[in-house]
Amino acid sequence: MLKIFKVTAILEGISYLVLFANMLIIKTNNPELYHTLLRPLGMTHGVLFIGYIILAFLLKKSQNWDLKTFGIILIASLIPFGTFYVEKKYLENA
């Protein structure tokens, strides 16, 4: 399950950045394309975000994460590039 979490963390981070790119770059240059892409990108990111959080809760006990580590892993899902940091620092040996 740790490998699934690792993949989910990477995909969630990518989807977060793609969502930002859609908002910051495409919205200003092509508003129609922005609205077309918003729903599928947002839904994909939402599903990956929820999966990331659920998997973090499921792995907390088996990985013996203390409260500080667990908090960092959860907060990283809210920060751009945060899940890449988690993958590198906490999940690299998976």
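As the structure is a computational prediction, the values presented were derived from the model and not from experiment.

Colleague: Would you mind showing me how to read the nonpolar core here?
Modeller: Of all hydrophobic cores here, the largest spans 14 residues; its most connected members are Phe5, Tyr52, Ala56, Trp65, Ile73, Val86 and Leu91. Where this core is concerned, the elements lending two or more residues are helix 1 (2–29), helix 2 (31–62) and helix 3 (67–76). Setting aside residues no more than four positions away along its own chain, Tyr52 makes contact with Phe5, Thr8, Ala9, Glu12, Ile73, Ala76, Ser77, Thr83 and Val86.

Colleague: I tried to follow the side chain of Glu87 on my own but got confused; where do I start?
Modeller: Structurally, Glu87 is set in helix 4 (residues 82–89). According to the relative accessible area criterion, Glu87 is buried, its value standing at 15%. Apart from the residues within four sequence positions on either side, Glu87 is in contact with Lys6, Ile10 and Glu92.

Colleague: Looking at this model, I keep getting lost on the UniProt feature "domain: DUF3817" (unreviewed entry) in the chain. Mind explaining?
Modeller: Taking the UniProt record as the reference, the feature "domain: DUF3817" (unreviewed entry) is found at residues 2–90. Secondary structure over residues 2–90 splits into 88% helix and 0% strand, and the C-alpha atoms at its two ends are 11 Å apart.

Colleague: Please clarify how the packing of helix 3 against helix 4 should be interpreted in this entry.
Modeller: Two measures define how a pair of helices packs: the angle their axes make with one another and the distance between the axes. Orientation of helix 3 relative to helix 4, taken along the N-to-C sense of each, is 140°, at an axis distance of 7 Å. Listed contacts from helix 4 to Ile72, Ile73 and Ala76 of helix 3 are Gly82, Thr83, Tyr85 and Val86.

Colleague: Which parts of the structure should I look at to understand the packing of aromatic side chains?
Modeller: In this description, an aromatic ring pair is defined by two values, namely the gap between the centres and the angle between the planes. Applying the stated criterion to the full structure yields six aromatic pairs. Here the aromatic residues Phe5, Tyr52 and Trp65 are joined through ring pairs into a cluster of three or more. The ring of Phe70 carries the charged tip of Lys60 above its face, separated from the ring centre by 5.5 Å.

How each quantity is defined
- Residues numbered from 1 in each chain as written.
- Predicted model: local features only at pLDDT ≥ 70, side-chain atom pairs only at ≥ 80, totals over all residues.
- Heavy atoms only, no water.
- Core = buried A, V, L, I, M, F, W, Y, C linked by side-chain atoms within 4.5 Å.
- Buried < 20%, exposed > 50% of the residue type's maximum accessible area, 1.4 Å probe, protein only.
- Helix = DSSP H or I, 4+ residues; strand = E, 2+ residues; numbered from the N terminus.
- Contact = heavy atoms within 4.5 Å.
- UniProt positions renumbered as here; feature names shortened; annotations may be inferred.
- Axes fitted to C-alpha atoms, helices over the stretch in contact; angles between N-to-C directions.
- Phe/Tyr/Trp six-rings, centres within 6.5 Å; stacked < 30°, edge-to-face > 60°.
- Lys NZ or Arg CZ within 6 Å of the ring centre and 35° of its normal.

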